[in-house]
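Coordinate inspection notes
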Amino acid sequence: MTVMFLDDMMERHRSFKYVAPTDVEVKYVYTAQQAIDYIEAEHPTQVFLDHDLSEEDIMVAVGGKSSVPTGMTVVDHILKMDRPPMSIVVHSCNGPAAEEMVARLKEHPAGIKVLRIPFPHLMHSMRESRKT
């Protein structure tokens, strides 16, 4: 099983490394383009997506525009794929954007398993699962 984790914040990468299962290979990426390139080349089993990939992306939630590709850019790419990742966790804390990402992904005809778990809750649940 291969896993890809997209987030622009280094501290979130460090946190995820602490709780990630030790029996899986995790590819850590920071940009939408890195995520798209990895998904196309490696076909990971599970993908973790953030929406806001720069500080200015927070403005998108209030009707602004971002000049940086976001997690939604990755979602749009996945929607065009014949063979998408079969499990996607949207861990963005940007509620409106995360809900839109999930709604779009659920429309894919391949029947992708999609969950929305904000990052703090994701870390808590993964820590708990490591204890068992």
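These lines cover the structure that appears in this document, whether it is placed above or below.

Examining the packing of aromatic side chains
As enumerated under the stated definition, the model contains six aromatic pairs in all. An angle of 45° between the planes, with centres 6.3 Å apart, marks the rings of F5 and F48 as tilted. Of this pair, F5 sits in strand β1 (residues 2-6) while F48 sits in strand β3 (residues 46-49); the two residues are 43 residues apart in sequence, bridging distant segments of the chain. An identical accessibility class is assigned to F5 and F48; each is buried. Members of the aromatic cluster, connected to one another through ring pairs, are F5, F16, Y28, F48 and F119. Against the face of Y28 rests K17, its NZ or CZ located 4.9 Å from the ring centre.

Looking at the layout of surface pockets
With a probe scaled to a water molecule rolled over the atoms, the places where space remains empty come into view. Taken as a whole, the largest pocket encloses approximately 160 Å³ of empty space. Secondary structure elements with two or more residues in the lining of the largest pocket: β3 and α5 (119-131). At three residues, the largest contribution of residues to the lining of the largest pocket is made by α5. Here the residues of the lining of the largest pocket are counted per class, giving 13 nonpolar, two polar and no charged.

Observations concerning helix α2 (residues 32-42)
Of all the residues in α2, the buried ones are A32, A35, I36, Y38 and I39. Axial view of α2: buried residues confined to an arc of 165°, hence all on one face. Next to the buried residues of α2 lie β1, β2 (25-29), β3 and α3 (71-79). Residue H43 follows α2 closely and has a positive phi angle near 50°.

Section: the sheet that holds β2
Here we have five strands laid out as an open sheet, ordered β2-β1-β3-β4-β5, and parallel in their pairing. Strand pairing shows two members of the sheet lacking a second neighbour, β2 and β5 (113-116), which therefore form its edges. Going from strand to strand, the sheet's axes swing by 15° on average, the running direction of each strand aside. Examined bridge by bridge, β1 and β3 share three bridges and lie parallel to one another. Across the sheet, residue V3 finds its bridge partner in β3, namely Q46. Helix α1 (residues 10-19) rests against β1, β2 and β3 of the sheet, and its axis sits at about 175° to β2.

The rules we used
Residues numbered from 1 in each chain as written. Predicted model: local features only at pLDDT ≥ 70, side-chain atom pairs only at ≥ 80, totals over all residues. Heavy atoms only, no water. Phe/Tyr/Trp six-rings, centres within 6.5 Å; stacked < 30°, edge-to-face > 60°. Helix = DSSP H or I, 4+ residues; strand = E, 2+ residues; numbered from the N terminus. Buried < 20%, exposed > 50% of the residue type's maximum accessible area, 1.4 Å probe, protein only. Lys NZ or Arg CZ within 6 Å of the ring centre and 35° of its normal. 1 Å grid on protein atoms, 1.4 Å probe; cavity = no way out; pocket = protein on both sides within 12 Å on 5 of 7 lines; lining within 4 Å. Points joined across faces, edges and corners; volume = space filled by probe spheres on them. Nonpolar A, V, L, I, M, F, W, Y, C, P; charged D, E, K, R; others polar. Arc of directions from axis to C-beta. Contact = heavy atoms within 4.5 Å. Pairing = 2+ DSSP bridges. Axes fitted to C-alpha atoms, helices over the stretch in contact; angles between N-to-C directions.

Limitation: the analysis is restricted to geometry and does not speak to function.
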